[in-house]
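Each chain, letter by letter, is given below.
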Amino acid sequence: MTATLPVQPTPSPAPRVGGLVLAAGAGSRMGHRPKCLLQIDGVSLLERQLQALTLAGVTPVGVVLGHHVERILQDGAWARWAAQPVRNPQPDDGHVSSLRIGLRALPPGLDAVVVALADQPLINAQAVRALLQAFAQRPAGTALLQPSVQGLPGNPVVFSGAVMAQILAGDDHMGVRPWQRAHPAAVYHWETPDSHYRLDVDNEEDRLAVAQLTGQSLRWPHDLERSTRHTP
């Protein structure tokens, strides 16, 4: 008698997850300096985000640049982590403009997209992996995950390839927040105690607060280290 070998199930292919880091802002509340170049232990916030995404298996990753594009490219973080710089020629049009330009630069057929902010100092690979795991286990009928800390929204966000297509099919004002307002039942507010998802650096007070909260100093590169110039 010929023995019949058990049929081994074919493993499902890993989802294709792309990423965007939004780094096009002027930094007007930080003396018109690129916030993403603030450093912890000599490593820029931009590089920390690219490292976190890449080590969590997110690829490809685009970096949307606008203001300070030449100085940010000098940092070299995008090249060290094989990220693609994407230029927003009109960065003052806001985050939605940068998001849409970045999404268009990603390849088609992605299963999901992670959209991160360049000024979050404590997002690491573990935090991104936790987001992706929560997204994989999201409730049926949801397609966009936003971390929520004590009921307050955080970042990065993760959404499906279908949401990416719907955003790009909309008008120039269609971004993550308008999509959420239009599809509230499809948004998964993932509650987490990890306050790192809420922590970003918008001004000098935030920079000092990070040091007080974590004991990790945020410092400017030498060429950008000067007295902060506040603008009205």
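Just so you know, these numbers come straight off a predicted model, no measurement behind them.

Peer 1: Got a sec to walk through the overall build of the protein chain? Specific residues and values, please.
Peer 2: Of the regular secondary structure elements, the protein chain holds eight helices and ten strands. Expected size for 232 residues packed as a compact globule is a radius of gyration near 17 Å; at 19 Å, the protein chain falls within 12% of this value. Across its three principal axes, the protein chain shows a C-alpha extent of roughly 85 × 40 × 35 Å. Counting only residues that meet the buried cut, the protein chain has 48% of its 232 residues in that class. Residue pairs in contact within the protein chain that sit at least 24 positions apart in sequence constitute 75% of those at least 6 positions apart. Of the accessible surface of the protein chain, which amounts to about 12,200 Å², a share of 53% is contributed by carbon and sulfur atoms. Within the protein chain, one finds 19 positive and 19 negative side-chain charges whose respective centroids are separated by 2 Å.

Peer 1: Can you explain unusual backbone geometry? Please cite residues and give values.
Peer 2: Cis peptide bonds are those with omega within 30 degrees of zero, and the linkage from Thr-59 to Pro-60 qualifies with 0°. When you line up the elements, Pro-60 lands in the loop between α1 (45–55) and β4 (61–65). Even without glycine at this site, His-68 takes up a positive phi of about 60°. Position of His-68 among the secondary structure elements: in the loop between β4 and α2 (69–75).

Peer 1: Account for the pattern of salt bridges, with residues named and values stated.
Peer 2: Applying the stated criterion across every chain yields a total of five salt bridges. The partner of Arg-207 in a salt bridge is Glu-204, with the nearest N and O atoms 2.5 Å apart. Of the two residues, Arg-207 and Glu-204 are both situated in helix α8 (residues 204–214); the distance of three residues between them amounts to about one turn of the helix. What makes Glu-204 buried here is its relative accessible area of 13%.

Peer 1: Describe the packing of aromatic side chains, naming the residues involved and giving the relevant values.
Peer 2: Here the structure, examined in full by the defined rule, presents one aromatic pair. Relative to Tyr-197, the ring of Trp-190 has its centre 5.8 Å away and its plane inclined at 75°; by these criteria the two rings are edge-to-face. Positioned above the aromatic ring of Phe-135, the side-chain terminus of Arg-138 is 4.0 Å from the ring centre.

Peer 1: Quick rundown of the nonpolar core? Include the residues and the values.
Peer 2: By size, the foremost hydrophobic cluster in this structure holds 44 residues, and its most contacted members are Leu-46, Leu-50, Val-58 and Val-128. Those elements that provide at least two residues to this core are β1 (17–23), α1, β4, α2, β6 (112–117), α5 (125–136) and β7 (144–149). The next biggest cluster of nonpolar side chains, apart from the first, holds 22 residues, and it includes Leu-20, Leu-22, Ala-143 and Val-176.

Parameters and conventions
Residues numbered from 1 in each chain as written. Predicted model: local features only at pLDDT ≥ 70, side-chain atom pairs only at ≥ 80, totals over all residues. Heavy atoms only, no water. Helix = DSSP H or I, 4+ residues; strand = E, 2+ residues; numbered from the N terminus. Rg over C-alpha atoms; globule rule 2.2 N^0.38 Å. Buried < 20%, exposed > 50% of the residue type's maximum accessible area, 1.4 Å probe, protein only. Contact = heavy atoms within 4.5 Å. Areas by Shrake-Rupley, 256 points an atom, 1.4 Å probe, with all protein chains shown as cover. Lys, Arg positive; Asp, Glu negative; His and termini not counted. Charge placed at Lys NZ, Arg CZ, Asp CG, Glu CD. Salt bridge = Lys/Arg side-chain N within 4 Å of Asp/Glu carboxyl O. Phe/Tyr/Trp six-rings, centres within 6.5 Å; stacked < 30°, edge-to-face > 60°. Lys NZ or Arg CZ within 6 Å of the ring centre and 35° of its normal. Core = buried A, V, L, I, M, F, W, Y, C linked by side-chain atoms within 4.5 Å.

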